[in-house]
Amino acid sequence: MFQLIQKLDRGVASAERVLVVVLTAAITLIMMAQVILRYAFNSPIFWAEEVSVQLLVFVTLFGLSLLVHQNQLVTIDFLPRALPLRARHALLALLGAITLVLFAYIGWLSWEWVQRDDVRIELSATTQLPRWYNYSAVPLALALLVWHQFVAILRDLHVVVKGAAQ
């Protein structure tokens, strides 16, 4: 079961990586077209900046989820590094559980916020599309982040249990 969860986690991370690359490429292409059309043809794309900012937010949120998957968040790790292997992973599992609860709570709050009537009727200034589509990226990215954090906790607990069996 542990191996299956690890494989699923890698699959989710691969999909996120592709999404981040595609969105970054889209930002690049939109802004390049904006510059060329504005300065060469004096005909800017009126929605380019707004859409690019929204895509940048998506890249940031899903990129944060990838950082959790890759265990590359900034940490102060002098205490865990000083502990023996099993104790280190037990502490990391405990801290990971606290972080997971925090991420899940923020995700729940963001979902509640997206569901509010005043948020659901808000329209984008230039594209006139409902903004809740954009805002929905926050709880989605946080749900993926919670998943990666859960799998990281399982990894740490696996080391604790495996270390106990040896």
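The structure under discussion appears in the preceding block.
Since the structure is predicted, the reported quantities are computational estimates derived from the model, not experimental observations.

Definitions and limits used
Residues numbered from 1 in each chain as written. Predicted model: local features only at pLDDT ≥ 70, side-chain atom pairs only at ≥ 80, totals over all residues. Heavy atoms only, no water. Helix = DSSP H or I, 4+ residues; strand = E, 2+ residues; numbered from the N terminus. Rg over C-alpha atoms; globule rule 2.2 N^0.38 Å. Buried < 20%, exposed > 50% of the residue type's maximum accessible area, 1.4 Å probe, protein only. Contact = heavy atoms within 4.5 Å. Areas by Shrake-Rupley, 256 points an atom, 1.4 Å probe, with all protein chains shown as cover. Lys, Arg positive; Asp, Glu negative; His and termini not counted. Charge placed at Lys NZ, Arg CZ, Asp CG, Glu CD. Patch = residues over 30% accessible without salt bridge, like charges linked within 9 Å, V, L, I, M, F, W, Y side chains within 5 Å. Salt bridge = Lys/Arg side-chain N within 4 Å of Asp/Glu carboxyl O. Core = buried A, V, L, I, M, F, W, Y, C linked by side-chain atoms within 4.5 Å.

1. Brief notes about the overall build of the protein
Phase 1 of the analysis: Broken down by element type, the protein carries seven helices and zero strands.
Phase 2 of the analysis: Helices and strands appear in the protein in the N-to-C order α-α-α-α-α-α-α.
Phase 3 of the analysis: The C-alpha radius of gyration computed for the protein amounts to 20 Å, which surpasses the reference 15 Å derived for 166 residues by more than 25%, pointing to a less compact arrangement than a globule.
Phase 4 of the analysis: Referenced to the eigenvectors of the C-alpha coordinate spread, the extents of the protein come out at roughly 70 × 40 × 30 Å.
Phase 5 of the analysis: Counting over 166 residues, the protein shows a buried share of 33%.
Phase 6 of the analysis: Taking contacts inside the protein between residues at least 6 apart in sequence as the whole, the part at least 24 apart equals 71%.
Phase 7 of the analysis: Carbon and sulfur atoms form 72% of the exposed surface of the protein, whose accessible area is close to 10600 Å².
Phase 8 of the analysis: The protein carries 12 positive and 10 negative side-chain charges, and their two centres are separated by 14 Å.

2. Some remarks on the environment of Asn 134
Phase 1 of the analysis: Along the chain, Asn 134 turns up in helix α6 (residues 132-135).
Phase 2 of the analysis: The class of Asn 134 is buried, set by a relative accessible area of 18%.
Phase 3 of the analysis: The sequence separation of Asn 134 and Ser 124 amounts to 10 residues, and the corresponding C-alpha distance is 9.6 Å.
Phase 4 of the analysis: Not counting the four nearest positions on each side in its chain, Asn 134 is found in contact with Gln 54 and Phe 58.

3. Observations concerning a nonpolar patch on the surface
Phase 1 of the analysis: Residues Leu 102, Tyr 105, Ile 106, Trp 108 and Leu 109 make up a contiguous nonpolar surface patch of roughly 500 Å² in combined accessible area.
Phase 2 of the analysis: Examined against the element boundaries, Ile 106 turns out to sit in helix α4 (residues 85-114).

4. Remarks on the side chain of Gln 54
Phase 1 of the analysis: Relative to the helices and strands, Gln 54 resides in helix α2 (residues 48-69).
Phase 2 of the analysis: Among residues more than four places away in sequence, those in contact with Gln 54 are Ser 124 and Asn 134.

5. Examining the pattern of salt bridges
Phase 1 of the analysis: Counting across every chain of the model gives six salt bridges.
Phase 2 of the analysis: With a closest N to O distance of 3.2 Å, Asp 9 and Arg 155 form a salt bridge. Pair noted here: Asp 9 is in helix α1 (residues 2-41) and Arg 155 is in helix α7 (residues 137-165), with a separation of 146 residues, a long-range link.
Phase 3 of the analysis: Its relative accessible area of 0% is what places Asp 9 among the buried residues.
Phase 4 of the analysis: Here Arg 81 ties to Asp 77 by a salt bridge, and the two come within 2.8 Å at their closest N and O atoms.
Phase 5 of the analysis: Take Arg 81: its relative accessible area is 64%, and that puts it in the exposed class.
Phase 6 of the analysis: The exposure class assigned to Asp 77 is partly exposed, which follows from its relative accessible area of 29%.
Phase 7 of the analysis: Taken together, the shared-partner salt bridges connect Glu 50, Glu 122 and Arg 131 into one network.

6. Remarks on the nonpolar core
Phase 1 of the analysis: With 16 residues, the main nonpolar core has Leu 55, Phe 58 and Phe 62 as its most contacted residues.
Phase 2 of the analysis: The set of elements that each furnish at least two residues to this core consists of α1, α2 and α7.
Phase 3 of the analysis: Here this core gets eight residues from one element, more than from any other, and that element is α2.
Phase 4 of the analysis: Residue contacts for Leu 55: discarding those within four places in its chain leaves Leu 23, Ala 26, Ile 27 and Ile 30.
Phase 5 of the analysis: Grouped together as the second largest cluster of nonpolar side chains are seven residues, Ala 93, Leu 100, Leu 145 and Ile 153 included.

7. Some remarks on unusual backbone geometry
Phase 1 of the analysis: Although it is not a glycine, Asn 71 adopts a positive phi angle of roughly 55 degrees.
Phase 2 of the analysis: Positionally, Asn 71 belongs in the loop between α2 and α3 (78-82).
Phase 3 of the analysis: Non-glycine residue Gln 128 carries a positive phi angle of around 60 degrees.
Phase 4 of the analysis: On the secondary structure map, Gln 128 appears in the loop between α5 (117-120) and α6.
Phase 5 of the analysis: Gln 128 gets classed as partly exposed once you look at its relative accessible area, which sits at 47%.

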